[in-house]
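What the coordinates show
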Amino acid sequence: MSAIRVAGLTRRFGATVALDAVSLDVAPGTLFGLVGPDGAGKTTLFRILATLLVPDAGSATVLG
């Protein structure tokens, strides 16, 4: 079981693609960091994980 599971996550804002088929699994108890340049989609990913945004495609679960 994964603490965080993201599969094929896509999110667009108009013509701008913020996330393009992102997939990852984070095991329970794992220290995980997500780094990247401004505009890479980090905040969009965490807003989807926090249910503040709805993805256009794919799925994301936190603790099942």
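Reading guide: rules and limits
Residues numbered from 1 in each chain as written. Predicted model: local features only at pLDDT ≥ 70, side-chain atom pairs only at ≥ 80, totals over all residues. Heavy atoms only, no water. Helix = DSSP H or I, 4+ residues; strand = E, 2+ residues; numbered from the N terminus. Rg over C-alpha atoms; globule rule 2.2 N^0.38 Å. Buried < 20%, exposed > 50% of the residue type's maximum accessible area, 1.4 Å probe, protein only. Contact = heavy atoms within 4.5 Å. Areas by Shrake-Rupley, 256 points an atom, 1.4 Å probe, with all protein chains shown as cover. Lys, Arg positive; Asp, Glu negative; His and termini not counted. Charge placed at Lys NZ, Arg CZ, Asp CG, Glu CD. Polar contact = N/O pair within 3.5 Å; in protein donor to acceptor, adjacent residues only side chain to side chain. Salt bridge = Lys/Arg side-chain N within 4 Å of Asp/Glu carboxyl O.

Turning our eyes to something else, we now look at the overall build of the protein chain. Within the protein chain, the secondary structure is distributed over one helix and three strands. Listing each helix as α and each strand as β along the protein chain from the N terminus yields β-β-α-β. Taken over the C-alpha trace, the protein chain has a radius of gyration of 12 Å; the compact-globule value for 64 residues is 11 Å, and the two agree within 12%. Overall, the protein chain is about 35 × 25 × 20 Å in size when its C-alpha atoms are taken along their principal axes. Put simply, the protein chain has 64 residues, and 25% of those count as buried. If you take every contact in the protein chain between residues at least 6 apart in sequence, the share linking residues at least 24 apart comes to 53%. Carbon together with sulfur atoms contributes 58% to the accessible area of the protein chain, which is approximately 4,300 Å² in total. Side chains of the protein chain give 5 positive and 4 negative charges; the mean places of these two sets differ by 4 Å.

A few words on the side chain of Thr10. Note that Thr10 resides in strand 1 (residues 4-13). Within the structure, Thr10 has its side chain in polar contact with the backbone nitrogen of Ala21 (distance 3.1 Å). Not counting chain neighbours up to four residues away, the residues in contact with Thr10 comprise Leu19, Asp20, Ala21, Pro55, Asp56 and Ala57.

Its location among the elements puts Arg11 in strand 1. Of the buried charged residues, Arg11 lacks a salt bridge, with Asp56 as the closest side chain of opposite charge at 4.2 Å. A polar atom in the side chain of Arg11 sits 2.5 Å from the backbone oxygen of Val54. With near-sequence residues (within four places) excluded, Arg11 lies in contact with Thr16, Val17, Ala18, Leu19, Thr44, Ile48, Leu53, Val54, Pro55 and Asp56.

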